[in-house]
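If you want the building blocks of each chain, they are given just below.
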Amino acid sequence: MKITLQVDLVNGETFKSEYDALSLSVGRAPESDLRLGSISQQMVSWEHLSIEEDPLGEIQLNDLGSTNGTYYNGARITQPTHVKSGDTITLGQTGPRLTILRLTN
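Residues numbered from 1 in each chain as written. Predicted model: local features only at pLDDT ≥ 70, side-chain atom pairs only at ≥ 80, totals over all residues. Heavy atoms only, no water.

Colleague: Is there a simple way to think about the pattern of salt bridges in this case?
Modeller: Opposite charge on two side chains permits them to pair, given that their charged atoms come into close proximity. Scanning all chains against the criterion turns up two salt bridges. The shortest N-O distance in the salt bridge between D8 and R97 comes to 3.0 Å. Pair noted here: D8 is in strand β1 (residues 2-8) and R97 is in strand β11 (residues 97-104), with a separation of 89 residues, a long-range link. Across the pair D87 and K84 runs a salt bridge whose closest N-O atoms are separated by 3.1 Å. (Salt bridge = Lys/Arg side-chain N within 4 Å of Asp/Glu carboxyl O. Helix = DSSP H or I, 4+ residues; strand = E, 2+ residues; numbered from the N terminus.)

Structural data, given as structure tokens:
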């Protein structure tokens with residue numbers, strides 16, 4: 001899976017990140033692929049979410065039991081959810097926002 005994200009942090013900082021991997025982990029943990037540390041600490045869990053290819057080749061978003069939840073296009077998810085380019089993912093209701101700029105499997 002190749003994914004390009006625009007990351008909008010709660011302090012107003014914005015940056016882009018590109019990944020080419022089977023899965024992408026997001027959280028505060030040092031081993032997270034996209035580590036969102038001290039700036040977002042109150043909204044982001046240690047292991048917050050993952051984005052990965054499912055057995056059918058679709059790309060899905062998974063909340064990893066985060067405290068503040070994962071929101072997909074404004075709605076909190078409670079089960080794996082398929083994502084596509086243009087979708088937004090928010091960590092907690094008011095936490096960092098990830099916009100999927102490009103996604104291919």
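Resuming the write-up.
Colleague: What should I look at first to understand the sheet that holds strand β7 (residues 70-72) in this one?
Modeller: The pairing of strands in a sheet happens through backbone hydrogen bonds and is either parallel or antiparallel. Strand order in this open sheet of six strands is β2-β1-β11-β10-β7-β8, and the pairing throughout is antiparallel. Every other strand in the sheet has two partners, leaving β2 (14-20) and β8 (75-76) as the edge strands with one partner each. Examined bridge by bridge, β7 and strand β10 (residues 88-91) share three bridges and lie antiparallel to one another. Opposite T70, over in β10, you have L91 as the bridge partner. (Pairing = 2+ DSSP bridges.)

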